[in-house]
Amino acid sequence: MIDGLIAGKVYGQPQSRTDSRGRVFALGKIRAATAAGESLFVSCIVFGDAATQFLALADGDPVAAAGSITPKTWTDREGQAHPALDMQVQQVLTIYHLRKKRQRVQGDDGQQQDGGQSGGYMPDGGGQWPDQGDQWEGV
């Protein structure tokens, strides 16, 4: 297996399943764009807290997933082989998570908690970068 990070959009609605020990896990697909402009489908299985996060997503929601990837191929009706990936997801990151992390860095009113003394504005206009001494949780 290969460790990887996939970004794309949820394809279809993720499904909830329960294993023999009663633990919930999720099954779903992510559609990721390739450099050639085609779509690559990633079949995902998600366990633990990440499964709850994945199940909250709907068709078309943007998402990034990190985990172990296994390359696969599938053959269409014309006999052409296409690439695909299977992924055992360990972490899920969504727009919701990014907003929550930004809110922790900024105050509720949109101002940074340190009184605006920061190293500059984020390139997407989503606030300001924290000072060098501030701790960031992985985003």
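Residues numbered from 1 in each chain as written. Predicted model: local features only at pLDDT ≥ 70, side-chain atom pairs only at ≥ 80, totals over all residues. Heavy atoms only, no water.

Looking only at helices and strands, one finds two helices and five strands in the protein. Going from the N terminus to the C terminus, the protein shows its helices and strands as β-β-β-α-β-β-α. Relative to its 139 residues, the protein shows a buried fraction of 28%. Within the protein, counting contacts between residues at least 6 apart in sequence, those at least 24 apart form 49% of the total. Accessible surface computed for the protein: about 9,500 Å², of which carbon and sulfur atoms make up 49%. (Helix = DSSP H or I, 4+ residues; strand = E, 2+ residues; numbered from the N terminus. Buried < 20%, exposed > 50% of the residue type's maximum accessible area, 1.4 Å probe, protein only. Contact = heavy atoms within 4.5 Å. Areas by Shrake-Rupley, 256 points an atom, 1.4 Å probe, with all protein chains shown as cover.)

Attention shifts here to the sheet that holds strand S2 (residues 24-33). Here we have five strands rolled up into a closed barrel, ordered S1-S2-S3-S5-S4, and mixed in their pairing. Along the sheet, successive strands turn relative to each other by an average axial angle of 45 degrees, direction set aside. Sheet topology note: the strand S4 (residues 62-75)/strand S5 (residues 81-94) ladder contains 13 bridges and is antiparallel. Among the inter-strand pairings, Ala-66 is bridged to a residue of S5, identified as Gln-91. Helix-sheet contacts for helix H1 (residues 48-55) involve strand S1 (2-18), S2, strand S3 (39-47) and S5, and the interaxial angle to S2 is about 60 degrees. (Pairing = 2+ DSSP bridges. Axes fitted to C-alpha atoms, helices over the stretch in contact; angles between N-to-C directions.)

Within the secondary structure, Ser-68 sits in strand S4. Given a relative accessible area of 15%, Ser-68 falls into the buried group.

Attention now goes to H1. Every buried residue of H1 is accounted for by Ala-50, Ala-51 and Phe-54. Buried residues in H1, looked at end-on, bunch into an arc of 105 degrees, giving them a common side. Projecting away from the buried face of H1 at angles above 90 degrees are the exposed residues Asp-49 and Thr-52. Tucked inside the fold, the buried residues of H1 contact S1, S2, S3 and S5. (Arc of directions from axis to C-beta.)

This part takes up the nonpolar core. Of all hydrophobic cores here, the largest spans 20 residues; its most connected members are Ile-6, Ile-30, Cys-44, Val-46, Phe-54, Met-87 and Val-92. Among the elements of the structure, S1, S2, S3, H1, S4 and S5 are those that each provide at least two residues to this core. The residues touching Ile-6, leaving out its near neighbours within four places in the chain, are Ile-30, Ala-32, Val-42, Val-63, Ala-64, Ala-65, Ile-69, Leu-85 and Met-87. (Core = buried A, V, L, I, M, F, W, Y, C linked by side-chain atoms within 4.5 Å.)

Inspection of the secondary structure assignment puts Thr-73 in strand S4. Under the relative-accessibility criterion, Thr-73 is labelled exposed at 64%. C-alpha separation for the pair Thr-73 and Leu-85, spaced twelve residues apart in sequence, amounts to 7.8 Å. Residue contacts for Thr-73: discarding those within four places in its chain leaves His-82, Pro-83 and Ala-84.

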